[in-house]
Every structure is written in structure tokens, then in C-alpha cells.
Amino acid sequence: MTDLTSLTLAEARDRLASRAISSRDLTAAHLAAIDRAKGLNAFVAVTAEKALAMADASDARLARGEGGPLEGLPIGVKDLYATEGVHTQACSHILDGFKPAYESTVTANLWRDGAVMLGKLNMDEFAMGSSNETSYYGPVASPWLPPNFSPTQARAALADKGKRGLMAPGGSSGGSSSAVAAHLCLAATASDTGGSIRQPAALTGIVGIKPTYGRCSRWGMVAFASSLDQAGPLARTVRDAAIMLRSMAGPDPKDSTCSPSPVPDYEASVGRSVKGLTIGVPKEYRLEGMNPEIEALWAKGAEWLRAAGATIVDVSLPNTRHALPAYYIVAPAEASSNLARYDGVRYGLREPASEIVDLYQKTRASGFGPEVRRRLMIGTYVLSAGYYDAYYLRAQKIRTLIKRDFEIAFGNGVDAILTPATPSPAFAIGAMASADPVEMYLNDVFTVTVNMAGLPGLVTPAGLSADGLPLGLQLIGRPFDEETLFALGEAIEQAAGRFSPPEAWWA
Amino acid sequence: MTVQTGNAKLLKGATGDWETVIGLEVHAQVTSRAKLFSGASTEFGGEPNTHVSLVDAAMPGMLPVINRECVAQAVRTGLALKAQINKRSTFDRKNYFYPDLPQGYQISQYKSPIVGEGEIQVDLTPDYAIRVGIERLHLEQDAGKSLHDQSPTMSFVDLNRSGVALMEIVSKPDLRSADEAKAYVGKLRTILRYIGSCDGDMEKGSLRADVNVSVRRPGEPLGTRCEIKNVNSIRFIGQAIDTEARRQIEIIEDGGTIQQETRLFDPARGETRSMRSKEEAHDYRYFPDPDLLPLELDGEWIDALAAFLPELPDAKKARLIADYGLSAYDAAVIVAERETADFFESAVNHGGAQRDAKAVANWLMGDLSAQANAQGVGVADAGLSAASLATLVDLICEGVISGKIAKDLLVMLLGPDRGADPRALVEARGLRQVTDTGAIDAAVGAVIAANPDKAEQARAKPGMLGWFVGQVMKATGGKANPQAVSDALKTRLGL
């Protein structure tokens, strides 16, 4: 970490504005950090030339006293976002060589506001995974050291493509979380279908927010599950996340599900008093056999907010236990249809075949990894004639009930809900390899309800485990009330402090 | 309208009479500039893959956005079919793999269509009509086209049509013969063309039908149906129904049973062929499209669309009968195309004075229609203006030209003298009929003098008069007034 890469996004912005630093230097410092951190495998494509050109253009604008809210700030982009002329594969083999002729709305908004693109970030294939191990480009290592590893041992493990024994950065936005936590970029775009922003944030000690469904446009984001997918940022502070989201969000006539309402200045809510707010603590999130460290952290979080002037109340979200099974019907169902377009006919991978059905079968069998194939099969099954009512329709009904649970809680005067972010701290790469896939799915137990209800959810780091690994807390808000979450998140951040991985052992 | 009696529409089998039961799913291409969910052009006949947006090609991350123009057309069509307009409808995905279906699913309306039940009155003869129930109308995307004849080893795909808006109009199984089905499609096409929601051009594929056919003994419950896919002309629809009904009757009479299946009609061989059986049927895994919000329609907006609908064929027919004294048959022929009906009315009313509507109708349906058919166009486009037709009829009524000359005049006006004023043309070509009794008398005298034997015969057999009229007309180059010739002949011959 150099002086320039140690800055927060807000700090870098202020120094650029005062001309204390240049975007070129800031960008070059991050490119150098990326180069040294190749072993983490966070980036799948680095756009150094483009980054420097964008930085120079930003410097020119800044010199004229112009520039947008993100002018000259180098960030990373999850491989899920279409970036014109640049590697866009959702880290799948089936999109081999795909470089779109278009730019996603979210990234276009970022470039409009002056941000600089460093490259594309690793992720679980098609965002299906909770550890970044399903990526066609291999697993990503977290910058957090495994509890039993010395830096030397960890460096040795980095050289191995499998990164065995190193900590997983969470998923699916594992490239984004690792890169932000390792100071390879000031912030990154991520996406969240069942927890893919919030779980990696918690496991790497950074801040992530999944905004309300419809707050960010999905146009140009490779779709996983359309009714659940939402864009959002990963950053090192609550303020940085607020700054990023303000630029990413906004109306888009190209996405029918995108909200037309204007985007507030989220940064203004950072530092706002939380006095008088009512925070609900849902008893259904207290799982049997819960990790005591997580339970203690949750209580501490409630205590901090009480100390900051909020009122803590118990709330009930009775349908919580149905959320995970229902999620694992709805999300694969939508995915099975969304991913039908990857057929080898128009773009991406095509396995040679003499007739069309053979071409489909060979291309899709070799183009999709095992986890994607599993979910496509589940999704196809639950939508099949004779099963639709028992699975998909019932899952949609559960979804309505989950939404109603939250509506009742908010209707009773609760301003936000506090929960743990994950059931445990980070686990090691390969640790779940032989486990039942459901073990991995359980990582999403605290986060999927938020996607099912379409609500905003913010995760902020709140402490370390006894092993020295980061733990996070989640705040769930009313629809389109991200501002309250930023205010509360900052209150926790103030109380808990910030958490950084050990010195750059990977460099 | 009367109820048809007898069993003219029953088919005779070896063991007795059979009734055919038919339901149609008509796919009508919506007239709109852009596709249903993308801004790409709907123009027909472009070079392959020139009217394709990122959405139509199903590029990663692309999202559909509904085209309100297509929605308006569907609502207008529903109103014209006297159907229920559903203020809330939803879009579903119909999932299947095919190279001309880039998304891997068709966006359609499965559960909640935009238009519900309606009805069409179908005239089978001038005084016999049936009512055919409409089950529903929904919006959906068309697919692209696979091209198998461009390379010996590969197939190509043209996505120009991919995503073009279709209305699927589903009838109830209310049709009982090929003729009824043909008349139904004809009437539906007329209505669509009246309101401009579909051009009805079957050659370009703007209107296609899936035909469901079953047979049963009269009075018995419905038989097992087969669906004949994608029939693209009204004539073929009739042939396909007859062929399929005969096939089913033969199987049942031979002791077999009908398997529910999808079939294709091969017009060249005059047979239907199995495409896939019920067991092989696709499981389309319909589910609501999460990329699209439910379609909510505003009542005032629907009312505004209703207010601006043109006069529909049934109303127009009734009005032509009432206002112009046309026969039901003539009125039905004239209203089949809106342009023809408009042409008729402007010809009748040209110049502010209403002329003989029956005479206008006869010219329009007779010689002008024949000339237009020969050109392969509608009567309104044959090259004669409504004003010229009006003048032509006036010239006959005024006795300026004979009907015979008028036919020649029409040929001139559609050919070498296209665009000429008929009245001026009559003068310029000296076509004015001769009413001068002196000249006619002289011609009559000459013909009688040249045919003394025939004159003798005619005095005994007045039926011969017609022959003399013909001879005199010939001698006068057709310009003599036939009535004047007849009168002069009668006087001369003492009849």
C-alpha cells in the first residue's frame, strides 16, 4: 500500500479537487498495486491504457475546474457489467471472447461522473456462488491471512492456481471485495441477487450496499435472476459507498423495472444523527446453534446504535425460515430462462457440431461450470409442467409473505432492521469443495430475504473474530430509504472502527 | 340472418355423416414502425439481419421495453372484435431452444392476455351469417427465420422478424366446415385491415393460422383434435381442413383412434403430415417475465382509442343497404375492402349529387373489378378515380353514351387515356351516341333494304328484331341509341 492507494475514495476526491494529487498518479499507483497483486487473481482484465487515458482526461477537466462527482477516481468493475470493447464474460467459459458493442447503464453513469476504469473483476460464474470458486478464471484469494498461515506460507499458496488454504473473499462479487479490501481500487461495482454484495463485504471487512430493487438500472448487466438482481458498490467506508451509489443509481427508460424517482445525495446522510430512530431486531434471525461470536457482535451492534440515540425493539419476521428454500427455487428458475441465450449460435463459445441440437448440447455442457449447470437443472425442473405449482408458484407466494413480514415491521414504526451479515466468518478456499452444495447456500441465510422483498440492505464491518477475521452487520431499510441505512451504517462504523487486512503480504 | 337448415356442411363418410369442428389461432403481424420490445424497424424485405437491435439478438444484459404503439393496436383490435379489454395483463416467457429464437424464449401473454372474449359475425351467404366466438387476443414476439439454402453445410439465421409484434387471435371451436373457416379468416382480415392494425398480407406472412381440427358424429361430444401449424393462405386453410377431416374420418371408420398431435399441411401433395406427437410436445415452462411489469391500461386511454375507431364492416354494410338501397350481396362485396367502400361512396356522391347507386355498384363490381383483378390491384387502385366512375355513370344516364360504349370508354380510361376526363374523351373520340332520328331512320332503312328476306321473317316473328338492332348498331359503329333504333325498326316493320 502506497500513500495514494491508502486513501479512501472521498479523501482521494478531495485531494484531486484541491489539485494536491493527479488522477494520473492515483491511477498509476493503483495499476502498480494491481500488478503486484496478480496472485490474488482479483482482476480478470486490466485496462491500463484506457485507465491512464481516462485519468489524463480527468486531470484536464480538473485543471479547468470542471469534473463530475467521481472525477479521476480509479475503480474496478465486476465482470458482470457490459463494458464496451472490453472483456465481459460474467467469468464464464461460454462467453469466451465476448466484448460488447455497448456499455451498461451503471458503468456509463460512472464514466459520466468522471470515474476511471482499471479493469474487470473476477466473480463466481454468472454470479452463482458464495466464495468466488465457481469462476472459469479460478478462485480469488482474500487479502486476509488464514488464521494458521504465516505471510510466507500464504505467499506460497498464492502461487498455486487453486489458492488452496487461503481465505475466500466471499461471492459472487469476490474479485470486487478482494480488490477493494487489498486497496487495488478505491471502490468497485458489484451485484447482489441473494447476498453477492453483502456477504463478500462482511467476509473482507468492507462496506457494501444492495440498494432497493429498481434503484439501479439492470440494462447491460448480465442477468442471473431478473427479479432479484441489483447493482451496488463495494467500498472501504460508508461514505465511499454512498458516493458510489449516487452515481450508479438513477432512472433508465431501457429497464422497465427501474424506478423513475430521482436519486438523493446519499453522502449528505452520512454523519446524520440516528437519534430517535427505531431499530428492529428480528428474533427469527437467531438461529439454533448460532456462532456465539456472531451473536455477540449482533448484540454489540444494537448497543452501539442505542448509545447513538436509537431505540432498539424486538420485531418478528415469521416467514424468514422459508426464504432460503424459496430463493433457491425462484433464482434458478429465472436463471434457467435467462441463460438460454448462451447457445453457441451468435456469440461466445461454440463447440463444433454437425447439427443444431448437438451444437447446443456440446456448447452448453462445456461452456457452463458445474454450479451453473446444477442451477439450470433445478430451474428447469421447478418450471416444468406438473411441478410449477408445487415449486415456483409456492415460492412466489412465500415471497409475498416475506415482503408482508417486512411491511408489518416497518408499518409498526421500525426505521431499519439490524441482523448479522453472515452466519460465520470467511472460510478457506477449497474448504467446501466436498460439502453438500446446500452448505454453501446457507451462507445466504441472512441476506436472501432482502432480495426476496426487494429492500435495501447495507453491510458494514463491525469487528473481528477470535481468529482475526472480519465480521459484518447488516442493516435492512424501507424501500428507497437508503439514506437511513447510510446514517446508521456510519454510526456503526464510528463505533466499531475500520478493519484492514495485514500488510500487503501478497505483493 | 336465418338459421341454416339441412346438413350441407356435414361430411359423408363410409358409415354415415360426420361433423368437423374447427378452432383457429390466427397470428396477425401488428402494423407498427418498431418491434414489440425494441426500437428496430419492422420493415419487410430488408437485407438479412439489417433490422436487428441488441435486444432482438439477445445480447447479454439486454432488456425488453414495451412498445405502446403495439399495445394500442391490440386494444383497437379488441374493440373491433367487441371483446373484453383487460386493463391489467401480463407477459410470460415461453421457453424453447431454436436458432431463430435468440433469447431461448418467446415473450408472450399466457396467463393474462390483453384482450378477452369477443365475437365476429361472419356472412356465409347474403342472408346467412354465423357468430364466431373469440376466446382471447394476446401480444407476442415473432421469431426470426432459419435459412437452409445458403450453404451446403450450414444453416443461416435472419433476425429481421425476430421480435416483431404479433397478435394471436384465438377463436372458440365454433366453426363447422372449411367454408366457414375460410369466411371467418376473410372477415377477420377485413376487420384488421379496416382499423389498420394488420395489413393482412398473407404472401408476406403478415397473417398465418394454426388450425385445430376434430371430427365427431353430429350431436356427440368433441373428438380428439389435431393442430395444423402455420397455414399461410385462406385457400390452404380450407384445403388443410378438408384433408385433415377426411384423414381423421378414415382412421375412425377403420376402427382407429386419433392421436392428439401437431401436423403440417403440404399443399403440393395435398396432405397433412405429423410434426410431433403429444408425447414429444415441448414443455414450454411458461412463467411471468421478470423483466416486464404488468401492463396496466388507463380507462380513458381505451375510450379515446374506441372513439377514433373507423366505421367497421358490419356497420358500413348496414348503412350502405339503408342509405343507398344496395342488396345485401352487393353491400357485402363492397365493404370487404375499406378502400372499395370509400371508393363506392365517393363515386355515388361525387359532385354533391347522389347518382344511381346500383349503377355505380354494378360498374364497380363488374367491369372495373375485372380490370383491377387483371392488374392485380384493388378497384380503388386500378387507375380510375371515383370522380371518373361517377362521370361514366352520368354519361350513360344522360343518354350521351350507351352501356356498350361505356365499356370501351372504361378500357381507354384505364389504358392509353389514363387520367383523362371521360366527358372530354367522349367528345374527342366522337363516342356520343346518335339520337338523331333522321340518321337512325336512314340506317334502319338501309339495313331493311339490304335484308328483305329477314325483314319478311321478322314481320311474322318479332323475335328477329334483336338481330336487326345488332345490325344497325354495327352499321353505326355502336353509337346509335339502341332504344331509338328499336323504335325506328318497329315503325318501319309495322310491329
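Conventions we followed
- Residues numbered from 1 in each chain as written.
- Chains lettered and ligands numbered in written order.
- Predicted model: local features only at pLDDT ≥ 70, side-chain atom pairs only at ≥ 80, totals over all residues.
- UniProt positions renumbered as here; feature names shortened; annotations may be inferred.
- Helix = DSSP H or I, 4+ residues; strand = E, 2+ residues; numbered from the N terminus.
- Rg over C-alpha atoms; globule rule 2.2 N^0.38 Å.
- Contact = placed C-beta atoms within 7 Å.
- Nonpolar A, V, L, I, M, F, W, Y, C, P; charged D, E, K, R; others polar.
- Buried ≥ 20, exposed ≤ 12 C-beta atoms within 10 Å, placed from the backbone.
- Pairing = 2+ DSSP bridges.
- Expected span 1.5 Å × (residues − 1).
- Domains from an automatic or database assignment.

An unreviewed UniProt entry lists chain B under the name Aspartyl/glutamyl-tRNA(Asn/Gln) amidotransferase subunit B, with Roseiarcus fermentans as the source organism. In its Subunit (unreviewed entry) section, the UniProt entry covering chain B states "Heterotrimer of A, B and C subunits." In the Sequence similarities (unreviewed entry) part of its UniProt record, chain B is described as follows: "Belongs to the GatB/GatE family. GatB subfamily."

By the naming in an unreviewed UniProt entry, chain A is Glutamyl-tRNA(Gln) amidotransferase subunit A, taken from Roseiarcus fermentans. Checking UniProt for chain A, the heading Catalytic activity (unreviewed entry) contains the comment "L-glutamyl-tRNA(Gln) + L-glutamine + ATP + H2O = L-glutaminyl-tRNA(Gln) + L-glutamate + ADP + phosphate + H(+)". Note on chain A: under the UniProt heading Subunit (unreviewed entry), the record states "Heterotrimer of A, B and C subunits."

J.: Please explain the overall build of chain B as it appears in this structure.
T.: Within chain B one finds 15 helices and 16 strands. Its C-alpha radius of gyration of 29 Å places chain B more than 25% over the 23 Å reference for a compact globule of 495 residues. Across its three principal directions, the C-alpha atoms of chain B cover 90 × 55 × 55 Å. Nonlocal contacts in chain B, meaning residues at least 24 apart in sequence, comprise 68% of its contacts between residues at least 6 apart.

J.: In this structure, what is going on with the interface of chain B and chain A? I would like to understand it.
T.: Interface extent is often summarised as the accessible area lost during association of the parts. Contacts between the two partners involve 25 residues from chain B, matched on the other side by 33 residues from chain A. Of the residues assigned to the side of chain B that touches chain A, the class counts are 17 nonpolar, four polar and four charged.

J.: How should I be thinking about the UniProt feature "active site" (unreviewed entry) in chain A in this particular structure?
T.: All names here are of chain A. Under the UniProt annotation, the feature "active site" (unreviewed entry) is placed at Lys 78, Ser 172 and Ser 196. What stands out for the annotated residues spanning 119 residues is how close their C-alpha atoms remain, the widest pair being 11.3 Å apart. On the neighbour-count criterion, Lys 78 (31 C-beta atoms within 10 Å) is buried. Looking at where Ser 196 falls in the secondary structure, it is placed in the loop between β4 (187–192) and α7 (198–204).

J.: How should the pairing of strand β9 (residues 416–420) of chain A be read in this particular structure?
T.: On a regular strand, each side chain points to the face opposite its neighbour's, so the side chains alternate between the two faces of the sheet. Residues and elements named next belong to chain A. Burial analysis of β9 places five of its five residues in the buried class, the great majority of the element. As paired elements, strand β7 (residues 278–282) and β9 share two bridges and run parallel to each other. Looking at β9, one finds that Ile 279 is bridged to Ala 416. Of the pairings in the sheet, the one linking β9 to strand β11 (residues 470–477) comprises five bridges and is antiparallel in character. Within the sheet, the bridge partner assigned to Leu 418 lies in β11 and is Leu 475.

J.: Looking at this structure, I do not really get the UniProt feature "domain: Amidase" (unreviewed entry) in chain A. What am I missing?
T.: Residue and element names in this part refer to chain A. Feature annotation in UniProt places "domain: Amidase" (unreviewed entry) on residues 26–144 and 168–485, given in this structure's numbering. From the first C-alpha to the last, residues 26–144 spans 24 Å; its make-up is 29% helix and 13% strand. Taken end to end, residues 168–485 is 39% helix and 15% strand, and its two terminal C-alpha atoms sit 27 Å from one another.

J.: Even after reading the chapter, I still don't get the sheet that holds strand β5 (residues 105–108) of chain B, so can you show me in this structure?
T.: In any sheet, the strands associate via hydrogen bonds between backbone groups, in a parallel or an antiparallel arrangement. All names here are of chain B. With antiparallel pairing, the three strands of this open sheet are ordered in space as β5-β4-β15. Because the sheet does not close on itself, it has two edges, and the strands there are β5 and β15 (287–288). Of the strand pairs in this sheet, strand β4 (residues 92–95) and β5 are connected by four bridges, and their pairing is antiparallel. Paired with Lys 94 across the bridge in β5 is Gln 106.

J.: Honestly, the pairing of strand β6 (residues 230–235) of chain A in this entry has me stumped. Any pointers?
T.: All names here are of chain A. For β6, the tally of buried residues reaches six of six residues, placing the bulk of the element in the interior. Covered by surrounding structure in β6 are Gln 230, Gly 232 and Leu 234 together with Ala 231, Pro 233 and Ala 235, the residues of both alternating faces. Across six bridges, β4 lies against β6 in antiparallel orientation. Across the sheet, the residue bridging to Thr 189 is Pro 233, located in β6. Summarising the sheet, strand β5 (residues 207–210) and β6 pair through two bridges and their orientation is antiparallel. In the strand pairing of β6, Val 207 is matched with Ala 235.

J.: Explain the UniProt feature "domain: Asn/Gln amidotransferase" (unreviewed entry) in chain B here, please?
T.: The UniProt entry lists residues 342–493 of chain B under the feature "domain: Asn/Gln amidotransferase" (unreviewed entry), expressed in the numbering used here. Regarding residues 342–493 of chain B, the helix share stands at 68% and the strand share at 0%, and the terminal C-alpha atoms are separated by 49 Å.

J.: What's the story with unusual backbone geometry in this structure? I'm lost.
T.: Glycine aside, residues mostly have negative phi, and peptide bonds are mostly found in the trans state. Following A:Gly171, the chain continues into A:Ser172 via a peptide bond in cis, with omega recorded as 5°. In this fold, A:Ser172 is placed in the loop between α5 (151–159) and α6 (174–181). Even without being glycine, A:Lys163 reaches a positive phi, approximately 50°. Looking at the secondary structure, you find A:Lys163 in the loop between α5 and α6. We classify A:Lys163 as buried; it has 25 C-beta atoms within 10 Å. The phi angle at B:Asn49 is positive, at roughly 60°, despite the residue not being glycine. By the secondary structure assignment, B:Asn49 is in the loop between β2 (16–29) and α1 (68–80).

J.: Looking at this structure, I do not really get helix α9 (residues 386–397) of chain B. What am I missing?
T.: Residues separated by three or four positions in an α-helix point in the same direction, a consequence of the helix having 3.6 residues per turn. All names here are of chain B. Under the 1.5 Å per step criterion, the end-to-end length of α9 is 17 Å for 12 residues, consistent within 8% with the ideal 16 Å. Residues of α9 that are buried include every one of Ala 386, Ser 388, Leu 389, Ala 390, Thr 391, Leu 392, Val 393 and Leu 395, and no others. Buried positions along α9 lie against α7 (338–349), α8 (357–375), α10 (403–414) and α11 (422–428). Among the residues trailing α9, Gly 399 stands out with phi positive, at a value near 80°.

J.: How should the domain arrangement of chain B be read in this particular structure?
T.: All names here are of chain B. Split into domains, chain B comes out as domain 1 (11–306), domain 2 (311–428) and domain 3 (437–493). Between the C-alpha centres of domain 2 and domain 3 the distance comes to 32 Å. Facing the four residues of domain 2 at the interface are four residues of domain 3. Taken together, the residues of the side of domain 2 that touches domain 3 break down into one nonpolar, two polar and one charged.

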